Amino acid sequence: MWRTVPHRPTGPGEAATARSSVTTVAARGQAGQLRAGQLRTGQLGTVDLTVSTVANIGPGIDFYFAFGVIVVSAGVAAPLTILAAGLAVALLATTVAEFTRAEPSAGSFITYVETALGPRAGVVTALLVAVGYTVAMTGVFTMSGGLLAMTLAHYTSLNLPWGPLSVVLTIAAIWLTARGVKLSTSAVGIALVAQLAIMVAVCVVVLVDGRGHLSGIPFSWSHLTGGLAGLSTGFPLALYMFIGWENGPALAEESRDPTRTVPRALYLSIGIGAVLFVFFAYATLTGYHYDVASIGPSSVPFLTVADHALGGWAVLAWVAGIVSVLSALVAGTSSQARMLFDGGRTGLLPARLGRLRHRSDTPVNALVFMAVVGLGIIGIWWVTHLLTGHSRGMNPVGLYAESSTMGTIVILLVYLLTNIALPVFIWRRHRALFSPLRHVVVPILGSAVLVVPFVELCQPGQPSPYGIFPFIALGVVALAVAIAGLVLHRHPSAGSSEAAAPPPAA
């Protein structure tokens with residue numbers, strides 16, 4: 001049920017205070033009861049945000065399952081595609097950083113688009129965020145059990161179904177996340193250090209073994225298949241590898257000095273992610289002796305290289321992948337649930353999403369929503385394959401690729417709306433800070449780089465089900481516009497609390 005919260009008008013100068021103060025009258029009751037309210041501030045610093053964001057980017061899971069396809073598209077110079085995607089994401093991050101410096105908010109994209117372009121655009125963005133990120137996270141839910149099942153099958157005679165494993169691990173991750181942002185971020189930090197230590201160690205071994213034929217070929221434009229065409233073909237997947245970079249802004253209200261810590265964490269995490277991806281890519285290509293034809297048939301090239309270089313010790317690389325999936329699951333649901341929470345507390349999404357658990361001040365309803373919908377998508381996909389007789393195609397890697405692609409298309413629309421909103425937002429609310437370079441040129445460049453993945457992901461003639469994804473995305477947009485009109489007709493003040501604080505709690 002949609003509803004809005006009480007509010008009072010404020011001027012632009014009070015906006016930053018109002019943003020962090022958005023709250024409703026706290027519900028009285030026993031400990032553990034869900035209530036509407038404000039996220040607990042001052043819990044996270046730059047290091048916490050950076051660690052959580054890098055984990056959300058998922059240097060293990062995304063590289064494991066995306067790099068092979070990028071190499072097939074771009075050739076041996078695939079690292080150039082990763083670098084191009086990193087630069088594109090940095091442009092997008094600059095737009096979000098400008099918003100955050102002005103008015104930090106857990107709503108992130110939702111808040112900024114609504115404040116700049118109005119409640120209708122805010123509801124549309126909130127719905128696109130809910131759909132895009134939940135569908136994208138479905139791939140992570142899938143691989144939490146999928147990679148564990150693959151590891152057990154690789155090293156033992158156990159062939160466990162991955163579906164039930166995904167359910168158990170997803171519920172466990174949601175439980176940890178619901179315990180509090182500080183606890184979940186600390187757990188993610190430990191997991192991130194462990195997975196990166198293993199992956200870096202594997203790369204060092206591979207590079208030492210292949211030191212006799214190290215080459216700069218992976219960074220040579222002449223070895224990029226098809227030149228610019230090859231770069232653009234692999235670009236969408238390389239861009240997807242960085243999704244999660246927007247983790248920090250959603251944790252802004254729980255951060256110390258968010259106008260400084262969030263932008264720092266944004267740029268640090270993207271830089272760290274780019275360096276790691278390029279390093280892993282170079283080591284993997286070296287392990288294959290730069291033979292692209294050998295990489296194509298492997299579903300997870302990095303693990304194939306680890307098996308060859310480390311023998312029995314390669315199990316650590318498989319474990320690192322599992323840890324990466326779980327840390328991305330915790331970090332991703334934590335940040336994305338906060339965007340849904342903000343949409344709920346301001347009336348842009350159903351009000352129940354905008355409630356917190358009393359003891360931990362975490363948006364449990366939003367977390368449960370993401371888990372239920374994501375696992376429901378997995379269930380529908382599973383049943384569909386059984387009914388159509390395509391049970392042999394029930395590989396978790398397949399669903400991971402499908403949900404990642406579908407989610408990415410919708411998320412790109414959110415990025416586009418955010419770029420459009422920035423100059424309007426700054427001009428209307430912080431005109432003294434307006435810079436044509438930062439607030440016009442950079443968003444235009446950020447929007448321009450989105451053209452390539454849009455074209456590649458939406459081009460006709462793609463195999464099923466990828467060919468229908470663009471039409472599904474258009475349907476989601478049309479439905480979101482229709483729902484936005486209905487919501488604002490029934491609740492004209494929806495979203496108005498994004499720029500106003502309500503009366504203090506009784």
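Residues numbered from 1 in each chain as written. Predicted model: local features only at pLDDT ≥ 70, side-chain atom pairs only at ≥ 80, totals over all residues. Heavy atoms only, no water.

## Some details on the overall build of the chain
Turning to step 1, where the next piece is worked out: Secondary structure assignment for the chain yields 19 helices and 2 strands.
Turning to step 2, where the next piece is worked out: For the chain, with 506 residues in total, the buried portion stands at 58%.
Turning to step 3, where the next piece is worked out: In the chain, once contacts between residues fewer than 6 apart in sequence are set aside, the share between residues at least 24 apart is 83%.
Turning to step 4, where the next piece is worked out: Accessible surface, the chain: about 19,300 Å² in total, of which carbon and sulfur atoms supply 69%. (Helix = DSSP H or I, 4+ residues; strand = E, 2+ residues; numbered from the N terminus. Buried < 20%, exposed > 50% of the residue type's maximum accessible area, 1.4 Å probe, protein only. Contact = heavy atoms within 4.5 Å. Areas by Shrake-Rupley, 256 points an atom, 1.4 Å probe, with all protein chains shown as cover.)

## Comments concerning the confidence of the model for the chain
Turning to step 1, where the next piece is worked out: Confidence in the prediction for the chain averages 86 pLDDT; 89% of positions are at 70 or higher.
Turning to step 2, where the next piece is worked out: Averaged pLDDT values for the elements of the chain fall to 40 in helix α1 (residues 15–21) and rise to 95 in helix α11 (residues 258–287). (pLDDT = per-residue confidence, 0-100.)

## Focus on the layout of surface pockets
Picture a little ball the size of a water molecule; that probe, rolled over the atoms, points out where space is still empty.
Turning to step 1, where the next piece is worked out: Estimates place the volume of the largest pocket at around 610 Å³.
Turning to step 2, where the next piece is worked out: What lines the largest pocket is a set of 26 residues, and nearest its centre among them are Val 69, Leu 237, Ala 401, Thr 405 and Tyr 466.
Turning to step 3, where the next piece is worked out: Among the elements of the structure, α3 (61–74), α9 (228–242), α16 (396–429) and α18 (451–458) are those that each provide at least two residues to the lining of the largest pocket.
Turning to step 4, where the next piece is worked out: No other element matches the 6 residues that α16 contributes to the lining of the largest pocket.
Turning to step 5, where the next piece is worked out: By residue class, the composition of the lining of the largest pocket is 13 nonpolar, 12 polar and 1 charged. (1 Å grid on protein atoms, 1.4 Å probe; cavity = no way out; pocket = protein on both sides within 12 Å on 5 of 7 lines; lining within 4 Å. Points joined across faces, edges and corners; volume = space filled by probe spheres on them. Nonpolar A, V, L, I, M, F, W, Y, C, P; charged D, E, K, R; others polar.)

## What to know about helix α15 (residues 364–388)
Turning to step 1, where the next piece is worked out: Here α15 contains 25 residues, and its C-alpha end-to-end distance of 36 Å stays within 8% of the 36 Å for a straight helix at 1.5 Å per residue.
Turning to step 2, where the next piece is worked out: When we look at burial in α15, the residues that qualify are Val 364, Asn 365, Ala 366, Leu 367, Met 370, Ala 371, Gly 374, Leu 375, Ile 378, Trp 381 and His 385. (Expected span 1.5 Å × (residues − 1).)

## Examining the packing of helix α2 (residues 46–57) against α11
Turning to step 1, where the next piece is worked out: Relative orientation of the contacting elements α2 and α11 amounts to 40°, with a least axis distance of 8 Å. When the axes of α2 and α11 are compared, the pair comes out oblique. Where α2 crosses over α11, the two elements pack in a sense that is right-handed. Contact residues: Thr 46, Leu 49, Thr 50, Thr 53, Val 54 and Ile 57 in α2; Thr 261, Val 262, Arg 264, Ala 265, Leu 268, Ser 269, Ile 272 and Phe 277 in α11.
Turning to step 2, where the next piece is worked out: Residue composition of the contact of α2 with α11, by class: 8 nonpolar, 5 polar and 1 charged. (Axes fitted to C-alpha atoms, helices over the stretch in contact; angles between N-to-C directions. Parallel < 35°, antiparallel > 145°, perpendicular 65-115°, else oblique. Left-handed = near helix turned anticlockwise from the far one by under 90°.)

## Comments concerning the nonpolar core
Side chains that are nonpolar tend, in soluble globular proteins, to be buried together.
Turning to step 1, where the next piece is worked out: Core analysis: the biggest nonpolar cluster contains 138 residues, and Phe 63, Tyr 64, Phe 65, Trp 245 and Tyr 415 have the highest contact counts within it.
Turning to step 2, where the next piece is worked out: Take this core: its biggest share by element is 16 residues, from helix α6 (residues 119–155).
Turning to step 3, where the next piece is worked out: Those residues within four positions of Trp 245 in sequence are excluded, and the remaining contacts are Thr 53, Ile 57, Val 89, Leu 92, Ala 93, Val 96, Phe 109, Leu 266, Ile 270 and Tyr 415.
Turning to step 4, where the next piece is worked out: Ranked by size, the runner-up nonpolar core spans 10 residues in total, among them Ala 102, Tyr 112, Ala 116 and Leu 422. (Core = buried A, V, L, I, M, F, W, Y, C linked by side-chain atoms within 4.5 Å.)

## Quick word on the side chain of Thr 170
Turning to step 1, where the next piece is worked out: With respect to the helices, strands and loops of the structure, Thr 170 is situated in helix α7 (residues 162–178).
Turning to step 2, where the next piece is worked out: Here Ser 166 takes part through its backbone oxygen, which lies 2.7 Å from a polar atom of the side chain of Thr 170.
Turning to step 3, where the next piece is worked out: Those residues in contact with Thr 170 that lie beyond four places of it in its chain are Phe 141, Ser 144, Leu 329, Ala 371 and Leu 375. (Polar contact = N/O pair within 3.5 Å; in protein donor to acceptor, adjacent residues only side chain to side chain.)

## Overview of empty space enclosed by the protein
Turning to step 1, where the next piece is worked out: The full count for this structure, using the stated rule, is 3 cavities of 30 Å³ or more.
Turning to step 2, where the next piece is worked out: Of the volumes computed, that of the largest cavity is approximately 140 Å³.
Turning to step 3, where the next piece is worked out: Every residue lining the largest cavity is counted, 14 residues in all, and those nearest its centre are Asn 56, Met 137, Val 140, Tyr 240 and Ile 243.
Turning to step 4, where the next piece is worked out: Broken down by secondary-structure element, the contributors of at least two residues to the lining of the largest cavity are α2, α3, α6 and α14 (315–345).
Turning to step 5, where the next piece is worked out: The element best represented in the lining of the largest cavity is α6, accounting for 4 residues.
Turning to step 6, where the next piece is worked out: Classifying every residue of the lining of the largest cavity by side-chain character gives 9 nonpolar, 4 polar and 1 charged.

## Describing α11
Turning to step 1, where the next piece is worked out: The first and last C-alpha atoms of α11 sit 42 Å apart over 30 residues, in line with the 44 Å expected at 1.5 Å per residue.
Turning to step 2, where the next piece is worked out: Directly beyond the C-terminal end of α11, a positive phi value near 55° is found at His 289.

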